Amino acid sequence: MPEITNKSEEQKVAEAEVENFRKDLGPFVVAAETTRMPMVFTDAKELDNPIIFANDSFLSLTGLDRQEVLGQRFNFLMERATDPQALAQVAAAFEGSAESSSEIRYRRKNGSAFWAATFISPVRDESGNVVQHFASFADLTKQKQVEEHLRFLLDELNHRTQNTLATVQGIAVQTLRGAADKKVVDAFEGRILALSKAHGLLGRKLWETVSVRDVIDQILQPFGFNDHRVARLSVEGDDVRLQPKAALTLAMVFHELATNAAKHGAFSNGGAGKIDIACRVEPTPQGHRMRLQWQESGGPPVTPPGRKGFGSRLIEGGLALELDGEVRLNYEPAGVLCLITMPVPAQGDWMNHE
């Protein structure tokens, strides 16, 4: 917080104009003076929008005296006055190009920080010219503190979950070693790793929504399928945002498909095979559904397995049980084809279009 130095001529002029400002806007200024919401007015005719009025609630929020505020440029309270993003938000608001409030970190006189949602609106004269700007502040400090605490708890939970999965993996491997076929041990390790990666992805996104492409990228990364240097995997279509439960289930399904492709399918014969993934969202009478297709090609001729293993049961039964979805798994000679259909939330911000 910079120290207040001797008043400049601009500040003295601004202070002299306050009374005229009160007279011009009369009842509006009286309302601003008595409201509990922190408010200031700035002079739109001057560079940097100097403050020409501040109500008592704003002074109480910042800990400043009125003479320390009047004449100061609007940005002088920002914690990082050179923060390009915050400066751009404020500038856009003063220019009238911002459609929503900006959450900005400010600094009180005593040095403590506070967050506030800042709403800036123009004040026009009889000719329609913008002569002042009216800014109000909604204190978000307690909300930010709660969010920070919840984020800390979530980070701790994610860390412990990863440790637990690693412990389960270690115990299982030690228990099964020598008592079970190595393929069984490797399969179990792979599934735990896939589950761990899915948990890690959701943890980084605060257990909100994650994109289907991010899930595919995380799960297929250990197999090397999504190495950008090798054009053997394509993903196209709608990048659907998945809820955590759907993301975890699909992560396990993708792992089983990828494992089969690496052992028996498109990626089991060197560099000839290819996997094409397409995702589309379509409306239904009940809402929307996602249709995802996993198509393998270029691998060795496919023959249906003699019996259904755990992977097939998970793929065909997991979605139906967990997500009210349907899976059709076809072992076509040209390559495995898996069609996944499942309901998704209503269309909106949850989906990114390619």
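Residues numbered from 1 in each chain as written. Predicted model: local features only at pLDDT ≥ 70, side-chain atom pairs only at ≥ 80, totals over all residues. Heavy atoms only, no water.

Novice: So what's going on with the overall build of the protein chain? Which residues, and what values?
Specialist: The secondary structure content of the protein chain amounts to nine helices and 13 strands. Among the 354 residues that make up the protein chain, the fraction classed as buried is 42%. Residue pairs in contact within the protein chain that sit at least 24 positions apart in sequence constitute 57% of those at least 6 positions apart. Total accessible area on the protein chain stands at roughly 19,700 Å², and carbon and sulfur atoms take up 52% of it. (Helix = DSSP H or I, 4+ residues; strand = E, 2+ residues; numbered from the N terminus. Buried < 20%, exposed > 50% of the residue type's maximum accessible area, 1.4 Å probe, protein only. Contact = heavy atoms within 4.5 Å. Areas by Shrake-Rupley, 256 points an atom, 1.4 Å probe, with all protein chains shown as cover.)

Novice: Describe in detail the pattern of salt bridges, supporting the description with residues and values.
Specialist: Evaluation of the coordinates by the stated rule reveals nine salt bridges. Arg-66 serves as the salt-bridge partner of Asp-56, at 2.9 Å between the closest nitrogen and oxygen. Of the two residues, Asp-56 is situated in helix α2 (residues 56-62) and Arg-66 in helix α3 (residues 66-69); the sequence distance between them amounts to 10 residues. We note a salt bridge from Lys-274 to Asp-276, for which the minimum N-O separation is 2.4 Å. In this structure Lys-274 comes out as partly exposed when scored by relative accessible area, which is 29%. Judged by relative accessible area, which is 26%, Asp-276 ranks as partly exposed. (Salt bridge = Lys/Arg side-chain N within 4 Å of Asp/Glu carboxyl O.)

Novice: If you had to explain the packing of helix α7 (residues 212-220) against helix α8 (residues 244-263) to someone new, which residues and values would you point to?
Specialist: Relative placement of two packed helices is described by the angle separating their axes and the distance separating the axes. Close contact between α7 and α8 brings their axes to 9 Å; oriented N to C, the two are set at 45 degrees. Taken together, the axis directions place α7 and α8 in an arrangement best described as oblique. The interaxial crossing formed by α7 with α8 has right-handed handedness. Between α7, through Val-212, Val-215, Ile-216, Ile-219 and Leu-220, and α8, the contact on the second element is made entirely by Ala-247, Ala-251, Phe-254, His-255 and Ala-258. Residues of the contact of α7 with α8, tallied by class, amount to nine nonpolar, one polar and no charged. (Axes fitted to C-alpha atoms, helices over the stretch in contact; angles between N-to-C directions. Parallel < 35°, antiparallel > 145°, perpendicular 65-115°, else oblique. Left-handed = near helix turned anticlockwise from the far one by under 90°. Nonpolar A, V, L, I, M, F, W, Y, C, P; charged D, E, K, R; others polar.)

Novice: Give a detailed account of the nonpolar core, specifying residues and quantitative values.
Specialist: Within the largest apolar cluster, 46 residues are counted, with the highest numbers of intra-cluster contacts made by Val-215, Leu-220, Phe-254, Ile-275 and Trp-294. With 11 residues, α8 is the single largest residue contributor to this core. The contacts of Ile-275, once residues within four sequence positions are left out, are Phe-225, Arg-232, Leu-233, Ser-234, Ala-261, Ala-266, Phe-267, Trp-294, Gln-295 and Glu-296. Leu-77, Met-78, Phe-114 and Ala-116 belong to the second-largest nonpolar core, a separate cluster that totals 23 residues. (Core = buried A, V, L, I, M, F, W, Y, C linked by side-chain atoms within 4.5 Å.)

Novice: So what about the sheet that holds strand β12 (residues 335-344)? Which residues, and what values?
Specialist: The five strands lie next to each other as β7-β9-β10-β12-β11, forming an open sheet whose pairing is mixed. Both edges of this open sheet fall to β7 (233-237) and β11 (326-332), since each of them pairs with a single strand only. On average, each strand axis in the sheet is tilted by 10 degrees relative to the strand beside it, whichever way the strands run. The pairing of strand β9 (residues 274-284) with strand β10 (residues 287-297) spans 11 bridges and is classified as antiparallel. In the strand pairing of β10, Pro-283 is matched with His-288. Along the sheet, α8 contacts β9, β10, β11 and β12; its crossing angle with β10, the most-contacted strand, is approximately 15 degrees. Docked against the sheet, helix α9 (residues 310-323) engages β11 and β12, running at close to 165 degrees with respect to β11. (Pairing = 2+ DSSP bridges.)

Novice: An account of helix α5 (residues 141-176) is needed here, citing residue identities and associated values.
Specialist: For α5, with 36 residues, the first-to-last C-alpha span of 52 Å sits near the 52 Å given by 1.5 Å per residue. Those residues of α5 that fall on the buried side of the exposure criterion are Thr-141, Lys-144, Leu-154, Asn-158, Leu-165, Ala-172 and Val-173. Elements that come into contact with the buried residues of α5 comprise β3 (102-107), β4 (113-124), β5 (130-139) and α6 (182-204). (Expected span 1.5 Å × (residues − 1).)

Novice: Please provide a residue-by-residue account of the pairing of β12, values included.
Specialist: When you tally the buried positions in β12, you get nine out of 10 residues, the bulk of the element. Bridge analysis of β10 against β12 gives eight bridges, and the strand direction is antiparallel. Bridge pairing in β12 links Arg-291 to Thr-341. Taken together, the seven bridges between β11 and β12 define a ladder with antiparallel strand orientation. Note that in β12 the partner of Glu-326 across the bridge is Thr-341. Two successive antiparallel strands, β11 and β12, enclose a turn made up of two residues.

Novice: I'd like a rundown of the packing of α5 against α6, residues and numbers included.
Specialist: Packing of α5 against α6 brings their axes to within 10 Å, and their N-to-C directions diverge by 180 degrees. It follows that α5 is roughly antiparallel to α6 by the angle criterion. Here Asn-158, Thr-161, Gln-162, Leu-165, Val-168, Gln-169, Ala-172, Val-173 and Leu-176 of α5 lie close against α6, whose contacting residues are Val-185, Phe-188, Glu-189, Ile-192, Leu-195, Ser-196, His-199, Gly-200 and Gly-203. A per-class count over the contact of α5 with α6 returns nine nonpolar, eight polar and one charged.

Novice: If you had to explain a nonpolar patch on the surface to someone new, which residues and values would you point to?
Specialist: Together, Val-146, Leu-150, Phe-152 and Leu-153 make up a nonpolar patch on the protein surface, roughly 400 Å² of accessible area in all. Note that Leu-153 resides in helix α5. Given the relative accessible area of 41%, Leu-153 is considered partly exposed. (Patch = residues over 30% accessible without salt bridge, like charges linked within 9 Å, V, L, I, M, F, W, Y side chains within 5 Å.)

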